[in-house]
Amino acid sequence: VQLQAFGGGLVQAGGSLRLSCAASGRTLRKYIMGWFRQAPGKERDFVAAISRSGGSTSYADSVKGRFTISRDNAKNTVYLQMNSLKPEDTAVYYCAADRAVWGATTTTVRGYDYWGQGTLVTVSS
């Protein structure tokens, strides 16, 4: 499956952005989907994940209550709604697809099989 993330940009602190991840090649409903981010000079970190049906979600503590992951399997697209953005949210955001079952690896980089190219989110103070 090929993934393409878009929707990043420059936003002021306190603002909102919605990222989208469009899939092609295979239907997205076969995969757990996740969002990760990587700030300059740092490792790639887990942000959020959603189960195949959308019935289960998981969030990093740093984004709980501010970010919402969702999916529309009919449109083969996953979203990340980001509200109350902070300068520390600045990073390249990646979407990823996981063929495995929901579990301990769902929040890890190594748990995902396919990655999009990333979209840059910059939050100014």
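The structure this text deals with has already been given above.
Since the structure is predicted, the reported quantities are computational estimates derived from the model, not experimental observations.

On a plain count of helices and strands, the protein comes out with zero helices and eleven strands. Ordered by position from the N terminus, the helices and strands of the protein form the series β-β-β-β-β-β-β-β-β-β-β. Projecting the C-alpha coordinates of the protein onto the three principal axes gives extents of approximately 40 × 30 × 25 Å. Counting the 125 residues in the protein, one finds 45% classified as buried. Residue pairs in contact within the protein that sit at least 24 positions apart in sequence constitute 59% of those at least 6 positions apart.

Moving on, we come to the sheet that holds strand β8 (residues 77-82). In any sheet, the strands associate via hydrogen bonds between backbone groups, in a parallel or an antiparallel arrangement. If you trace the four strands from one edge of the open sheet to the other, you get β1-β3-β8-β7, paired in antiparallel fashion. Each of the sheet's edge strands pairs with one partner strand only, and the pair in question is β1 (2-6) and β7 (67-72). Within this sheet the neighbouring strands show an average axis-to-axis angle of 15 degrees, counted without direction. Judged from the five bridges that link them, β1 and strand β3 (residues 17-24) form a sheet pairing that is antiparallel. For Q2, the partnering residue across the bridge sits in β3 and is S24.

Here the structure, examined in full by the defined rule, presents four salt bridges. Close ionic contact of K64 with D61 constitutes a salt bridge, the shortest N to O distance being 3.2 Å. Using a relative accessible area of 48% as the deciding quantity, one classes K64 as partly exposed. Exposure remark for D61: the relative accessible area of 66% places this residue in the exposed category. The partner of D113 in a salt bridge is R99, with the nearest N and O atoms 3.3 Å apart. With D113 in the loop between β9 (91-98) and β10 (114-115) and R99 in the loop between β9 and β10, the pair connects residues that are 14 residues apart, well separated along the chain. Assessed through its relative accessible area of 33%, D113 is described here as partly exposed.

The rules behind each value
Residues numbered from 1 in each chain as written. Predicted model: local features only at pLDDT ≥ 70, side-chain atom pairs only at ≥ 80, totals over all residues. Heavy atoms only, no water. Helix = DSSP H or I, 4+ residues; strand = E, 2+ residues; numbered from the N terminus. Buried < 20%, exposed > 50% of the residue type's maximum accessible area, 1.4 Å probe, protein only. Contact = heavy atoms within 4.5 Å. Pairing = 2+ DSSP bridges. Axes fitted to C-alpha atoms, helices over the stretch in contact; angles between N-to-C directions. Salt bridge = Lys/Arg side-chain N within 4 Å of Asp/Glu carboxyl O.

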